[in-house]
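So you can see what is in the structure, the chains are spelled out below.
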Amino acid sequence: MSATELSNLVDAASAAASAGRWQDAERLWNQVRATDPRHVQALYSLGVHAFQRRDTANAIDLLQQARACAPADPMIPLTLSVVFRDTGDPAREWAAIGEALTIEPYFLPGLLSKAEFLERSRGRRVAAPAFRNALKVAPAEPAHWPAALRRRLEHALNVVRDDADECAAFLQQQLSADRSASAAALDTRWVEAASILAGKSRPYPSQCNDLHVPRLAALPFYPRELFPWIAALESKTERIRGELLQLLDSHPQMFRPYIQYRPGDPVNQWKTLNHSLQWSAFHLWEHGKPVAEHIALCPETTQALAAIDAVEIDGICPNAMFSALTPGTTIPPHTGETNARLVGHLPLVTPERCALRVGHDWRTWTAGEVMVFDDTIEHEARNDSDQLRVVLIFDVWNPLLSQDDRHCVTTLARAIRRFRQPEGA
């Protein structure tokens, strides 16, 4: 038989199998094998057909022959593992799965088979990390999962989600039960540590879009004690709120969309809010520049902000604004410019069902109580109420920086902008 005739025979056998004509396919594969006894596809397919007929011994023999002819194909030992599972031979099933993963450690069907074996033999808690590893290899979006593996991947996802919930609850319970750790258990970092350990969440590092200060602690929310100016600012809340309400009543047109990308710019997560008044701002300072017309309308707010430890970084800070979020609006997860500065919020109009997440931690705004956080840690905000939410937002120096550190920050910020200037500017 010529090579062309053999190839045509292989195509015919594959087509018969795809059409569900199993007897025709097996007859054709036997013809291929008669011509080429070491034809891997014929040996493998005949082994599968034998297994379908419940001829287990012949299936194992044929698949082992195929494996000997194609030792680098992980699918052959994995198929053998299915036969061994069906015959009730877990030791050989496990060995065959291990052989497939030795050939290809990131072989998704093999990783799923490993996890499923562990689930059957040792329970879900032991199997969950293996299912998690399989999901790391699978496409991130379920819509892109291979159809043949979809049901198994859906099961893996359910196991991982349930395990993360159960494990996080168990770890938190252990923290709380340990009387010697009772004080530490109240610290949100240990709640987050338990969540990360359980696989329920991930670490949230500082991700700066501009100047990053290395070796600086990434704290979501900073303790009030680090900011001696907070009490004085909070004492001015009513005066500041009065100016805000006057603006909303007499100059609402001066609030403009916070997100304003130009046509052609990649807007990514900002598509919904781009040029939208769902998130609007009345700027007093913007990217380090005062907005004189706005400052003139807000003398009490301007005077109150003069007492904070305002940060000045060329091209970035200070910023100060009334930030308004309309009912039902969500600000998507994002990160800020530099961890040299922190962002302060003085809540002014704070309906219920409004919240801010920084990293792992969710907080609600309380009117007149300042919050200071690191906006280079992924954060988002929600207004799930039916009323407007408004906070005064402003920039301050990160208190973990020394005066020498601050000088280096301002020097670097000026230098990079000078370096990036067009020639001749």
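Scroll up to find the structure.
Residues numbered from 1 in each chain as written. Predicted model: local features only at pLDDT ≥ 70, side-chain atom pairs only at ≥ 80, totals over all residues. Heavy atoms only, no water.

## Things to note about the overall build of the chain
And then number 1: The helix and strand inventory of the chain stands at 16 helices and 11 strands.
And then number 2: A globule of 425 residues ought to have a C-alpha radius of gyration of about 22 Å, yet the chain, at 32 Å, is considerably larger.
And then number 3: Taken over the C-alpha atoms alone, the chain extends approximately 95 × 65 × 45 Å along its principal axes.
And then number 4: For the chain, the residues scored as buried account for 44% of the 425 residues in total.
And then number 5: Accessible surface, the chain: about 22500 Å² in total, of which carbon and sulfur atoms supply 53%.
And then number 6: Side-chain charges of the chain comprise 44 positive and 51 negative groups, with the mean position of each set lying 3 Å from the other. (Helix = DSSP H or I, 4+ residues; strand = E, 2+ residues; numbered from the N terminus. Rg over C-alpha atoms; globule rule 2.2 N^0.38 Å. Buried < 20%, exposed > 50% of the residue type's maximum accessible area, 1.4 Å probe, protein only. Areas by Shrake-Rupley, 256 points an atom, 1.4 Å probe, with all protein chains shown as cover. Lys, Arg positive; Asp, Glu negative; His and termini not counted. Charge placed at Lys NZ, Arg CZ, Asp CG, Glu CD.)

## Side note on the sheet that holds strand β5 (residues 330–334)
And then number 1: Strand order in the open sheet formed by 4 strands is β5-β10-β7-β8, and the pairing between neighbours is antiparallel. On the outer flanks of this sheet lie β5 and β8 (361–363), each paired with one strand and no other. Between one strand axis and the next, the sheet turns through 15 degrees on average, direction left out of account.
And then number 2: Bridge count between strand β7 (residues 354–358) and strand β10 (residues 379–383): 5 bridges; the pairing is antiparallel. Across the sheet, the residue bridging to L356 is A381, located in β10. (Pairing = 2+ DSSP bridges. Axes fitted to C-alpha atoms, helices over the stretch in contact; angles between N-to-C directions.)

## As for the packing of aromatic side chains
And then number 1: Using the criterion set out here, one finds 9 aromatic pairs in the structure.
And then number 2: Each ring, one from W270 and one from W279, has its centre 6.0 Å from the other, and the planes form 35 degrees; the classification is tilted.
And then number 3: Among the aromatic side chains, those forming a connected cluster through ring pairs are Y222, F227, W229 and F394.
And then number 4: Against the face of F51 rests R54, its NZ or CZ located 5.8 Å from the ring centre.
And then number 5: For the cation-ring pair, R389 lies above W365, with the distance from its terminal atom to the ring centre recorded as 4.7 Å. (Phe/Tyr/Trp six-rings, centres within 6.5 Å; stacked < 30°, edge-to-face > 60°. Lys NZ or Arg CZ within 6 Å of the ring centre and 35° of its normal.)

## Concerning the environment of I240
And then number 1: You can see I240 is positioned in helix α13 (residues 237–250).
And then number 2: Owing to a relative accessible area of 0%, I240 belongs among the buried residues under this scheme.
And then number 3: Residues I240 and L346 lie 106 residues apart in sequence; the distance between their C-alpha atoms is 9.6 Å.
And then number 4: Apart from the residues within four sequence positions on either side, I240 is in contact with L233, T301, A304, F322, L346, L348 and L392. (Contact = heavy atoms within 4.5 Å.)

## Describing the packing of helix α2 (residues 22–35) against helix α3 (residues 40–52)
For any two helices packed against each other, one specifies the inter-axial angle together with the distance between the axes.
And then number 1: Direction vectors running N to C along α2 and α3 enclose 145 degrees, while the axes themselves pass 9 Å from each other. Read as a crossing pair, α2 and α3 show a hand that is left-handed. Across from W22, A25, E26, W29, N30, V32 and R33 in α2, the residues of α3 making contact are Q41, A42, L43, S45, L46, H49 and Q52.
And then number 2: For the contact of α2 with α3, a count of residues per class yields 7 nonpolar, 5 polar and 2 charged. (Left-handed = near helix turned anticlockwise from the far one by under 90°. Nonpolar A, V, L, I, M, F, W, Y, C, P; charged D, E, K, R; others polar.)

## Let's talk about the nonpolar core
And then number 1: Counting residues in each nonpolar core, the largest one holds 29 residues, and the members touching the most others are W229, L233, F322 and F394.
And then number 2: Top contributing element to this core by residue count: strand β11 (residues 389–397), with 4 residues.
And then number 3: Core analysis: the next-biggest nonpolar cluster, separate from the first, contains 26 residues, A16, W29, I60 and A70 among them. (Core = buried A, V, L, I, M, F, W, Y, C linked by side-chain atoms within 4.5 Å.)

## Concerning the pattern of salt bridges
And then number 1: Within the structure shown, the criterion is met by 23 salt bridges.
And then number 2: A salt bridge links R132 to D163, with the nearest nitrogen and oxygen atoms 3.7 Å apart. With R132 in helix α8 (residues 124–137) and D163 in helix α9 (residues 150–177), this residue pair connects regions lying 31 residues apart in the sequence.
And then number 3: What emerges from the salt-bridge pattern is a single network uniting R202, R357, E378 and E380. (Salt bridge = Lys/Arg side-chain N within 4 Å of Asp/Glu carboxyl O.)

## Here's the deal with the environment of I60
And then number 1: Counting through the fold element by element, I60 comes out in helix α4 (residues 56–69).
And then number 2: Look at I60 and you get buried, because its relative accessible area is 13%.
And then number 3: Along the chain, I60 and F84 lie 24 residues apart, while their C-alpha atoms are 8.5 Å from each other.

## Points about a nonpolar patch on the surface
And then number 1: On the surface, a cluster of nonpolar side chains totalling about 220 Å² of accessible area is made up of L219, L226 and L400.
And then number 2: Along the chain, the position of L400 falls in the loop between β11 and α16 (403–419). (Patch = residues over 30% accessible without salt bridge, like charges linked within 9 Å, V, L, I, M, F, W, Y side chains within 5 Å.)

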